[in-house]
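Architecture and fold: a report
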Number of protein chains: 2
Amino acid sequence: MTDAAILVIGNEILSGRTRDANIQFLATELGALGIPLAEVRVVRDDTADIIAGLDALRSRYTYVFTSGGIGPTHDDITSDAVAAAFGVALVRDPEAVRRLALRHRGEDLNAARLKMADIPAGASLIDNPVSQAPGFRIGNVFVLAGVPSILQAMFHSLKPSLAAGAPLQSRSVTMVAREGDLADQLTEIQSRHPEVEIGSYPTFAEDGPRVSIVARGSQAAVLEQVVDEVHALATRLEAAVIATD
Amino acid sequence: MTDAAILVIGNEILSGRTRDANIQFLATELGALGIPLAEVRVVRDDTADIIAGLDALRSRYTYVFTSGGIGPTHDDITSDAVAAAFGVALVRDPEAVRRLALRHRGEDLNAARLKMADIPAGASLIDNPVSQAPGFRIGNVFVLAGVPSILQAMFHSLKPSLAAGAPLQSRSVTMVAREGDLADQLTEIQSRHPEVEIGSYPTFAEDGPRVSIVARGSQAAVLEQVVDEVHALATRLEAAVIATD
């Protein structure tokens, strides 16, 4: 089965300064391609931590996407760490230099910026239409920028190279109910449809408790059947259905 | 050094349905206590994945916080997995039953809800002032609900039991500049202050490129010095400083 993982390289996430925006974007895009996101790790800007996380994920999942740490400053150590994980040298890529030169002319293309053209030997470039400095792919690992607008643009560049699976679809029913009142009947629905993954998510809104039942799977007809059974459950509980998506 | 990790148990995060809100909350709270968050993992609602993630994190970091999977429905498997990771039985806790009975009377306290009173042998309860169903602590692991309002209330309940470190402080300077123009001088500032962690975060705003330089450390005077040096750098670059926090 095709699946994926994300390695977020980011002291700014771990410090709480920034709320990550890339996980949800990649999760949604990958899900739509039928490539379920199976694990995420957020590690420090630390070479050993990056290598350990990358090695664990790339050996287990079909694809790994990293975010962050490929800029020009001293805290950008991802490319080095990825090269080390793959046991290859970091080499200056002429095509990457050419792209950087489109944006930065003369003295502007200084040593710090040229660092962004150093990629692991054997890697291929990923287009960055926003700010030119490319990402890269090596093996099953895609190395992307952390800035959301750039990560998103890079993902759209690389998307055609992914081997898509059976797209996962999702249906949800939200009702005015408490989880504990429907748990047993929901377990029965799940048991009848083992090929569907059914989740139950309570919220505690001002106007009372609600629960969203989310069914995910690759067969639309089975999902429709689950929705029907959840509606019947709501009727039995006399729970108002607020939304069916 | 005291540090911490988070294990998010959440198909809803990995599917993209929900954007996690707990990482930033815990990161900020822990940072203020001088307990830096060193790693986060997001895993599926899968017993083996939860155990593997938990074992890796609890052996490495001072504290581990889990979020999600302790409700009454079939997809709530965290307590089982934590008990298995610690090699202990899951036992019904009389005090947890008593608390659930405060909220759920008679038939309302059904088998599904009573499941929320089953905790690993030897664990101690964590108060849940929102919906009574407690979290628990076993060893260095704190098992919390995934619903943000409940997770936050539980964290405030357990906070006094944490051994705080030297609180990390953070200063930041945001200027109108491009990272590549200040990278070398920033490297020099970082080299002069190895006890401070300096990060550089670019944004590509509508009105042009900006960069935020963030310095984190435990000594206010050193951070002030770093801020002064970053201001001097901005002056040399003729870059407008937008904010100093």
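Residues numbered from 1 in each chain as written. Chains lettered and ligands numbered in written order. Predicted model: local features only at pLDDT ≥ 70, side-chain atom pairs only at ≥ 80, totals over all residues. Heavy atoms only, no water.

**Some words on the side chain of Asp118(A)**
All names here are of chain A. Counting through the fold element by element, Asp118 comes out in strand 5 (residues 118–120). The exposure class of Asp118 is buried, given its relative accessible area of 15%. Side chain to side chain, Asp118 and Arg92 meet in a polar contact 2.8 Å long. Excluding residues that lie within four positions of it along the chain, Asp118 makes contacts with Ser79, Leu90, Val91 and Arg92. (Helix = DSSP H or I, 4+ residues; strand = E, 2+ residues; numbered from the N terminus. Buried < 20%, exposed > 50% of the residue type's maximum accessible area, 1.4 Å probe, protein only. Polar contact = N/O pair within 3.5 Å; in protein donor to acceptor, adjacent residues only side chain to side chain. Contact = heavy atoms within 4.5 Å.)

**So, the pairing of strand 11 (residues 208–217) of chain A**
All names here are of chain A. The element strand 11 is extensively covered by neighbouring structure, given that 8 of its 10 residues are classed as buried. In the sheet, strand 9 (residues 169–175) pairs with strand 11 via 7 bridges, with the strands oriented antiparallel. Its bridge partner being in strand 11, Met175 is matched across the sheet by Val211. Inspection of the sheet shows strand 10 (residues 197–205) paired to strand 11 by 9 bridges, in the antiparallel sense. Residue Glu197 lies in a different strand from strand 11, and its bridge partner there is Arg216. Here strand 10 hands over to strand 11 after 2 residues, the two strands then running antiparallel side by side. (Pairing = 2+ DSSP bridges.)

**Quick notes on the sheet that holds strand 11 of chain A**
All names here are of chain A. Spatial strand order, 10-11-9-12: 4 strands in an open sheet with antiparallel pairing. Looking along the sheet, the strands with just one partner apiece sit at the ends: strand 10 and strand 12 (241–244). Each adjacent strand pair in this sheet contributes to an overall mean axis angle of 15°, direction not counted. Where strand 9 meets strand 12, 3 bridges bridge the pair, whose relative direction is antiparallel. By the bridge assignment, Thr174 is partnered in strand 12 with Ala243. (Axes fitted to C-alpha atoms, helices over the stretch in contact; angles between N-to-C directions.)

**Quick look at the sheet that holds strand 7 (residues 135–138) of chain A**
Strand order across the open sheet formed by 12 strands is 6(A)-7(A)-8(A)-3(A)-1(A)-2(A)-2(B)-1(B)-3(B)-8(B)-7(B)-6(B), with mixed pairing between neighbours. One side of each edge strand has no neighbouring strand; the edge strands of this open sheet are strand 6 (124–126) of chain A together with strand 6 (124–126) of chain B. Averaged over all pairs of adjacent strands, the angle between strand axes in this sheet comes to 20°, irrespective of strand direction. Note: strand 6 of chain B against strand 7 (residues 135–138) of chain B, 3 bridges, orientation antiparallel.

**A short note on the side chain of Asn22(B)**
Residue and element names in this part refer to chain B. By the secondary structure assignment, Asn22 is in helix 2 (residues 22–32). A relative accessible area of 4% places Asn22 in the buried class. Among the polar contacts made by the side chain of Asn22, one reaches the main-chain carbonyl oxygen of Gly146 at a distance of 2.9 Å. Ignoring anything within four residues of it in the chain, the contact list for Asn22 reads Ser67, Gly146, Pro148 and Leu151.

**Things to note about the packing of helix 2 of chain B against helix 7 (residues 148–158) of chain B**
Residue and element names in this part refer to chain B. For the pair helix 2 and helix 7, interaxial distance at closest approach is 10 Å and the crossing angle is 20°. By the angle class used here, helix 2 and helix 7 are roughly parallel. Crossing of helix 2 over helix 7 shows right-handed handedness. Judged by residue contacts, Asn22, Phe25, Leu26, Glu29 and Leu30 of helix 2 engage Pro148, Leu151, Gln152, Phe155 and His156 from helix 7. (Parallel < 35°, antiparallel > 145°, perpendicular 65-115°, else oblique. Left-handed = near helix turned anticlockwise from the far one by under 90°.)

**Looking at the packing of aromatic side chains**
Residues and elements named next belong to chain A. This structure, assessed with the given rule, holds 10 aromatic pairs over all chains. Ring geometry for Tyr63 and Phe65: centres 6.5 Å apart, planes at 50°, overall tilted. Overall, the relative accessible area of 7% leaves Tyr63 in the buried class. For Phe65, a relative accessible area of 0% puts it in the buried group. An aromatic cluster of three or more residues is present, and its members are Phe25, Tyr63, Phe65, Phe142 and Phe155. The ring centre of Phe86 lies 4.0 Å from the NZ or CZ of Arg58, which sits over that ring. (Phe/Tyr/Trp six-rings, centres within 6.5 Å; stacked < 30°, edge-to-face > 60°. Lys NZ or Arg CZ within 6 Å of the ring centre and 35° of its normal.)

**Some words on the relation of the copies chain A and chain B**
Screw-axis analysis of chain A against chain B gives a translation of 0.0 Å along the axis, an RMSD of 0.0 Å, and a rotation angle of 180°. Taken together, the rotation and translation describe the operation of a two-fold axis. When C-alpha distances to the rotation axis are compared across chain A, the minimum falls at Arg41(A), with a value of 2.2 Å. A symmetric contact is evident, with 100% of the interface residues of chain A recurring at the interface of chain B. (Least-squares fit on C-alpha atoms with pLDDT ≥ 70 in both.)

**So, the environment of Ala133(A)**
Residue and element names in this part refer to chain A. You can see Ala133 is positioned in the loop between strand 6 and strand 7. Owing to a relative accessible area of 10%, Ala133 belongs among the buried residues under this scheme. The spatial distance from the C-alpha of Ala133 to the C-alpha of Ala145 is 9.1 Å, given a sequence separation of 12 residues. Setting aside residues no more than four positions away along its own chain, Ala133 makes contact with Leu100, Met116, Asn128 and Met154.

**Details of the UniProt feature "domain: MoaB/Mog" (unreviewed entry) in chain A**
Under the UniProt annotation, "domain: MoaB/Mog" (unreviewed entry) lies at residues 5–165 of chain A. Along residues 5–165 of chain A the backbone is 39% helical and 21% strand, and the end-to-end C-alpha distance reaches 15 Å. (UniProt positions renumbered as here; feature names shortened; annotations may be inferred.)

**Quick look at the interface of chain A and chain B**
Often, the extent of an interface is quoted as the loss of accessible area upon association of its parts. Taken together, the contact pairs 61 residues of chain A with 61 residues of chain B. Interface of chain A and chain B: buried area, both sides summed, is about 5,100 Å²; carbon and sulfur atoms make up 50% of it. For the interface between chain A and chain B, the tally reads 6 salt bridges. Residue Asp181(A) is joined to Arg113(B) by a salt bridge in which the shortest nitrogen-to-oxygen separation is 2.9 Å. Our enumeration of links across chain A and chain B arrives at 25 residue pairs in polar contact (both at pLDDT 80 or more). Looking at the side of chain A that touches chain B, the elements that each hand over two or more residues are helix 1 (11–14), helix 2 (22–32), strand 2 (37–43), helix 3 (47–60), helix 6 (111–114), helix 8 (179–192), strand 10 and strand 11 of chain A. At 9 residues, the largest contribution of residues to the side of chain A that touches chain B is made by helix 8 of chain A. Broken down by class, the residue content of the side of chain A that touches chain B amounts to 23 nonpolar, 18 polar and 20 charged. Summarising the sheet, strand 2 of chain A and strand 2 (residues 37–43) of chain B pair through 5 bridges and their orientation is antiparallel. Bridge pairing in strand 2 of chain B links Val40(A) to Val42(B). (Buried area = accessible area lost by both parts, 1.4 Å probe. Salt bridge = Lys/Arg side-chain N within 4 Å of Asp/Glu carboxyl O. Nonpolar A, V, L, I, M, F, W, Y, C, P; charged D, E, K, R; others polar.)

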